[in-house]
Every structure is written in C-alpha cells, then in structure tokens.
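The primary structure of each chain is shown beneath.
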Amino acid sequence: MAYSTLLIEAGVARLTLNRPEVHNAFDDSLIAELNAHLEKLHDLASSGDVRVMVLGSEGKSFSAGADLNWMKRMVDYDLEDNLADSRKLSALMHGLDTLPCPTVCRVQGAAFGGAVGLAACCDIVIASNKAKFCLSEVKIGLSPAVISPYVQRALGPRQARRYALSAEIMDAPTALALGLAHQVVDPDALDSAVDAMIDTLLQGSPQAQRATKALLAAVAQAPDSDATREHTCQVIAKLRVSDEGQEGLASFFDKRRPAWTSPEEHKHAAEPRS
C-alpha cells in the first residue's frame, strides 16, 4: 500500500498521508513519496491546472512525527547518512512551503515533531478542536532543526523558543491563539470547513494568488528596501495589464463573476490515487 495518496479533481489536489496504523509517522519512504508528489504539483500549480492543494491524513492522528522503526535504523547511520536524510526532509518542507498555489492543512488529531513543520509550511491550517501540536524533539535528545524556519515564522521567535525548548503540548485553542492554526472547529465540522475554504480560494484569480504568494515570501525577506518596493510595483503593474487582471476589473465593473470562477475553466480530470 502506498504511504501517501494524491487525488486531483476539478483543480483541487488532495495529498493524504496514508499510514494510519502508525499514526502517519514519517519515514524515508513516505518522505520520498511526498517529495515526488510535490514535484508534480509544482508543475501543475504553476500552469494553473491545480488551483488549491489540501494536505491531510487518514486515521485519528494527523502525524506522529518520525517513525520509530526509521529512528532505530538511524541509530547506525553515520554523519553523511544523517545529512542525506535531513536534506530530503528539508526538500519536503521547502517544496510544500513554495508550492505556487494556496495550500490548506487539515489537522484532525495529533501533530507532533515534523508534522508541526508540515502545518507551518501550509498557507492555511484548519484544525479540529481535538488536535494537539507538539515540538517534541528535545525530549529524545534532538532538535526541530529542519522545520525551525517555518515553525518560527508561524509562531514568532518568542513563542517558538518556549515550545521548542519545553516540548509542551499545544491544544487547538492555543495553536489558534499563537497563529499556528487559522481556524478551529468541532471534529464533525472539519471537512465542511475545509470545503468552505476551498470554495473561497477558488473565487480568487489563480494568477494573482500565485503572484501574491511569491510576493509575500519575497517581502518577508526584506520588508523595507528599495528593491522590495520596486518589486511590489512591478508585480501590481504586470497583474493590471495581464489577461486575468483585465478580466477581473471588467467583471467587477460589469457586476458579473470572473471567468476563472467557472468550474469549466479549471476542470481537471480526476487522476487515480498513487
């Protein structure tokens, strides 16, 4: 059985961790599968064939972090082996973080260790009120090193220090208050909340969303510089004269829905789970 599945239909990609028997824990095989899926999704999102990506998992846990059997194998790894493994995990986080289309993370239960990184790399996190988050690495003599850039960005440096050093569990309301989660709902409302967010995201111009996501990443690196200010001017000017920009303005003044909100505009044949 595949450790993860990818289903693409009508412009929405659903990438699902599929190891419920081990609480969707990471190992080298799962990481390799996710990296392959993300490479494909980068191309499809860049072309507009994929408008939104939803990251989720099967079973009661979102992900328990590193797989215990994988960790046992790693005890015998030398430094170079560990570096190679870490770079693959780093590629996974970077690939998810830089996916051109909007991304939604569906968290139904425990998200520990590297799973917090997955959530932090997504644009929008919707969690069940039963969800729990934990940077648990220091309890076993490790560090949330690879995921730290994304987790610190989500939590802010001050809160990241506390939770990375203490390994305290954050319940869903705490994750919401700290900015790691954007919305917390009852478990039976989780799927409807995710679907509502998908519908909201599909109302936006796909070109504008891709440009905005890339722009925000660039602005975060240097928020107040001549280069950043010029970059922001270039982005909006190019969008205004683009086909989608012109369609957006025309539909606004004509009081009609823009073309990209039509299901036929972005219909994508369902692909088999892989």
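Right, let's walk through the structure included here. All values derive from a computational prediction rather than experimental measurement. (Residues numbered from 1 in each chain as written. Predicted model: local features only at pLDDT ≥ 70, side-chain atom pairs only at ≥ 80, totals over all residues. Heavy atoms only, no water.)

Moving on: the overall build of the protein chain. Along the backbone of the protein chain there are 11 helices and 9 strands. A globule of 274 residues ought to have a C-alpha radius of gyration of about 19 Å, and the protein chain, at 19 Å, matches this closely. Principal-axis analysis of the C-alpha atoms places the extent of the protein chain at approximately 65 × 45 × 35 Å. Taking all 274 residues of the protein chain together, 45% fall into the buried category. Long-range pairs, those at least 24 residues apart, make up 71% of the contacts in the protein chain with a sequence separation of at least 6. Total accessible area on the protein chain is roughly 14200 Å²; 56% of this is exposed by carbon and sulfur atoms. Between the mean site of the 27 positive side-chain charges and the mean site of the 35 negative ones, the protein chain shows a separation of 5 Å. (Helix = DSSP H or I, 4+ residues; strand = E, 2+ residues; numbered from the N terminus. Rg over C-alpha atoms; globule rule 2.2 N^0.38 Å. Buried < 20%, exposed > 50% of the residue type's maximum accessible area, 1.4 Å probe, protein only. Contact = heavy atoms within 4.5 Å. Areas by Shrake-Rupley, 256 points an atom, 1.4 Å probe, with all protein chains shown as cover. Lys, Arg positive; Asp, Glu negative; His and termini not counted. Charge placed at Lys NZ, Arg CZ, Asp CG, Glu CD.)

Moving on: the nonpolar core. In this structure, Leu41, Met53, Leu55, Val107, Leu118 and Phe133 are the most contacted members of the largest nonpolar core, which totals 52 residues. Here this core takes 7 residues from helix H1 (residues 28-47), the largest share from any one element. Apart from the residues within four sequence positions on either side, leucine 41 is in contact with Leu6, Ile8, Ala13, Leu15, Val50, Met53 and Leu99. (Core = buried A, V, L, I, M, F, W, Y, C linked by side-chain atoms within 4.5 Å.)

Sheet architecture is open: 3 strands sit in the order E5-E7-E8, paired in mixed fashion. Edge strands, defined here as strands with exactly one partner in the open sheet, are strand E5 (110-112) and strand E8 (169-171). Taking the axes of each pair of neighbouring strands and ignoring which way they run, one obtains an average angle of 20° across the sheet. Bridge count between E5 and strand E7 (residues 132-134): 3 bridges; the pairing is parallel. Paired with alanine 111 across the two strands is phenylalanine 133, which belongs to E7. Against the sheet, helix H4 (residues 114-121) makes contact with E5 and E7, and its axis sits at roughly 100° relative to E5, the strand it touches most. (Pairing = 2+ DSSP bridges. Axes fitted to C-alpha atoms, helices over the stretch in contact; angles between N-to-C directions.)

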